[in-house]
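# An overview of the molecular structure
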Amino acid sequence: MDRSGTSPAHGRKRSTRLFALAGAALLALTVSACGGEAEEQAAVEPAAVSQEDLTKLPDATTFGTVEGAPSDPGGESTGRVVHPKKDLVVYKAVNGEPFAKLPTRQMGSPTWVPVVAEQGEWVQVLLPTRPNGASGWIHASDADLESAENTFAVNVDRENFEIEITENGESIGTWTIGIGTNEHPTPEGRAYIIASIEETVNDYSPIVLPLSYHSDSHETFGGGPGTVGIHTWPDDSFVGQANSDGCIRVTQEALDELVKLPLGTIVNIV
Amino acid sequence: MSKKRLAMAGVGALSAVLTAGVLIAPAASATGGENSAFAIAADGLLKVAKTPFVDDTNGASEESVAHLDVPENLLDVRALNARAGDGYAKASIADVRVDISALPDLGLNLAKPLVAAEAIEASCDNGVASSSVAAASVAGIALDVTAPANTAVEVPGLASVTLNKQVTNEDGSTTVTALSVEVNNLQTLDLASATCSKAGDDDGEEPTTPPTDDNGDDGDNGGDHGDDNGSDDGGSGSQSGHAPTPTPVKAHLDVTG
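Let us look at the structure shown here. (Residues numbered from 1 in each chain as written. Chains lettered and ligands numbered in written order. Predicted model: local features only at pLDDT ≥ 70, side-chain atom pairs only at ≥ 80, totals over all residues. Heavy atoms only, no water.)

## Points about the pairing of strand E4 (residues 75–85) of chain B
Residue and element names in this part refer to chain B. Counting buried positions along E4 yields nine of 11 residues, so the element is predominantly enclosed. Between strand E3 (residues 61–70) and E4, which pair antiparallel one after the other, the connecting turn spans four residues, and Glu72 there sits at a positive phi close to 65°. Inspection of the sheet shows E4 paired to strand E5 (residues 88–98) by eight bridges, in the antiparallel sense. Within the sheet, the bridge partner assigned to Asn81 lies in E5 and is Ser92. (Buried < 20%, exposed > 50% of the residue type's maximum accessible area, 1.4 Å probe, protein only. Helix = DSSP H or I, 4+ residues; strand = E, 2+ residues; numbered from the N terminus. Pairing = 2+ DSSP bridges.)

Written out as structure tokens, the structure reads:
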């Protein structure tokens, strides 16, 4: 799904308007990098993207790979998730180069992505693609973006084989889990829940919660792209063990709570 | 490069493709779901099974193939993707180069590739179809990025080239194929095809909006969202209710166990 290299003409095509906006965008970026207030630059509108350029942009799904995407900047969660009501363009920066489209669905579930930074009418969101931690900016003043508050988060402590759900920062439950082997470790980082799947083929778990992260050691797995998921397991052999292929195995009791979490909920894996 | 050599390559290409296992005809597709998609298919002197092919027999499904090529430059395509689910389907493909005119039995004598494109995609959503192509050409003739349904493209020497081909199927579903080529009744080539019907429940909009419990009135119920970084008019996004509890959706995805 790497198509980011196929459209070097973007910059040239968006000539005059981009030029006019470049100064403001640069300033906005500078301010953003310092973590300061950026209201003055809030009015920066995205450069128009032609239908032809849109066609070239890869879809940001768990099957996709995007190159040149900004990495997750880290920092505190904004507690906000957004849902595109139509395919939205994802930019490398505020008014930066477009590099992907964010579709309205992920594996049949509505797309909800966590907001990790905000700058005026732009939001930086985490993406479900490879590489792990890929993010991008979308223009949020668009009426095609639905926004909601998410007070939940999940913490995964691999060393202690523990998963925790928090609400407003307060722990509301912890459970013992299983994680990936040393050969196929559960990747570390700030992932999020991309979909809620009532699995129709694999029978090890009634519900599977695929995460935005992918295995570093499995380029593909089964017929899938190596997506790391949270799910249960038919027996207790996983509890407190590192014996999965990278997924996070949880007890049914834990899964029963995890499936209630909104899509886009952050899963911090340490 | 002689035509004879290319003709030999055509045969070799087919066997190579089959042994590679990438293009094994998807047996499960025979029954098919109402919604389906594939990125490429060819029949005739060059045979390529629908690749990747997905349908919604097992719920939402998606597949990708990074790169598909046939030796001797007969075919070289990348980033093939297909996905389908209740009421939707989409197929896309990138860096397309199809040069099967080099097969002498086709009776083609083209100076340019039969098809070249940077990207091609077809999408079908709740029965509404669309498609687009980027930097695309057929036998060197540039194609419009978007075209009305069933736009015929005149290419001397080719039997039929249809852009944004749309068909209503017997079951009421709609199939859109971004680019469909037929050569002298000897070869067909379909690039980016999506078939969908109207969503089984409701109107195709998944249960995205209804927040869980406490804000039946749309969103701005005071509370604690006013602190979202103070950006000028709170104009980012629309409203800020609580994020909804997801409804599990029937689907199949092989995660890393």
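Alright, that's what it looks like, and here's the rest.
## A few points about the packing of aromatic side chains
The geometry of an aromatic ring pair comes down to the distance between the two centres and the angle between the two planes. Residues and elements named next belong to chain A. The final tally for this structure, using the stated rule, is two aromatic pairs over all chains. Plain terms: the ring middles of Tyr91 and Trp122 are 5.2 Å apart, the flat faces sit at 75° to each other, and that makes the pair edge-to-face. Taken together, the residues Tyr91 in strand E2 (residues 88–91) and Trp122 in strand E7 (residues 122–126) connect sequence positions 31 residues apart. Take Tyr91 and Trp122: they sit in the same class, and that class is buried. Each ring, one from Tyr204 and one from Trp233, has its centre 5.2 Å from the other, and the planes form 35°; the classification is tilted. Within this pair, whereas Tyr204 is found in the loop between strand E15 (197–199) and strand E16 (207–214), its partner Trp233 is found in the loop between strand E17 (227–231) and strand E18 (242–244), the two being separated by 29 residues in sequence. (Phe/Tyr/Trp six-rings, centres within 6.5 Å; stacked < 30°, edge-to-face > 60°.)

## Topic: the interface of chain A and chain B
If you look at the interface, chain A gives 73 residues, while chain B gives 59 residues. For the pair chain A and chain B, the summed buried surface comes to about 5,300 Å²; carbon and sulfur atoms form 52% of the total. If you sort the residues of chain A by the area they bury against chain B, A:Arg105, A:Met107 and A:Glu149 come out on top, with a joint share of 14%. If you look at where chain A meets chain B, you find seven salt bridges. Of the charged contacts in the structure, one is a salt bridge between A:Arg105 and B:Asp125, with a shortest N-O distance of 3.2 Å. The greatest single-element share of the side of chain A that touches chain B, amounting to five residues, is contributed by strand E9 (residues 145–149) of chain A. The class makeup of the residues in the side of chain A that touches chain B is 26 nonpolar, 29 polar and 18 charged. As judged from the three bridges shared by E15(A) and strand E15 (residues 249–251) of chain B, these two strands associate in the parallel manner. (Contact = heavy atoms within 4.5 Å. Buried area = accessible area lost by both parts, 1.4 Å probe. Salt bridge = Lys/Arg side-chain N within 4 Å of Asp/Glu carboxyl O. Nonpolar A, V, L, I, M, F, W, Y, C, P; charged D, E, K, R; others polar.)

## Things to note about the pairing of E7(A)
Residue and element names in this part refer to chain A. Within E7, five of the five residues are buried, which leaves the element mostly enclosed by the surrounding structure. Residues Trp122, Gln124 and Leu126 point to one face of E7 and Val123 and Val125 to the other, with burial holding for every one of them. For E7 and strand E8 (residues 135–139), the ladder comprises five bridges, and the chain directions are antiparallel. Following the sheet pairing, Trp122 is matched in E8 by His139.

## Observations regarding the sheet that holds strand E10 (residues 152–157) of chain A
Residues and elements named next belong to chain A. In spatial order, the strands read E12-E11-E10-E20-E14; together these five strands make up an open sheet with mixed pairing. Each having just a single partner strand, strand E12 (170–176) and strand E14 (189–192) make up the two edges of the open sheet. Between one strand axis and the next, the sheet turns through 20° on average, direction left out of account. (Axes fitted to C-alpha atoms, helices over the stretch in contact; angles between N-to-C directions.)

## Topic: the pattern of salt bridges
All told, the structure shown has 17 salt bridges over all chains when counted by the stated rule. The closest approach of N and O atoms between A:Asp59 and B:Lys90, which form a salt bridge, is 2.9 Å. Residue A:Asp59 is located in the loop between helix H3 (51–56) and strand E1 (80–84), and its partner B:Lys90 is located in strand E5; the two belong to separate chains. Residues A:Asp59 and B:Lys90 agree in their burial class; the two are buried. The residue B:Asp99 makes a salt bridge to B:Arg97 at a minimum N-O spacing of 3.6 Å. Overall, the relative accessible area of 36% leaves B:Arg97 in the partly exposed class. The structure contains a network of salt bridges with shared partners spanning A:Asp59, A:Asp87, A:Lys101, B:Arg83, B:Lys90 and B:Glu121.

## Some details on the environment of A:Thr55
Here A:Thr55 shows up in helix H3. A:Thr55 sits in the buried class, given a relative accessible area of 0%.

## A word on the side chain of A:Asp72
Relative to the helices and strands, A:Asp72 resides in the loop between H3 and E1. Excluding residues within four positions of it along the chain, A:Asp72 makes contact with A:Val116, A:Leu126, A:Gly133, A:Ser135 and A:Arg190.

## Observations concerning the environment of B:Val145
Mapped onto the fold, B:Val145 is located in the loop between strand E9 (141–142) and strand E10 (151–152). Residue class for B:Val145 comes out partly exposed when judged on its relative accessible area of 23%. Residues B:Val145 and B:Ser131, 14 residues apart in the sequence, show an inter-C-alpha distance of 8.7 Å. Those residues within four positions of B:Val145 in sequence are excluded, and the remaining contacts are A:Gln51, A:Glu52, B:Ser131, B:Ser132 and B:Val133.

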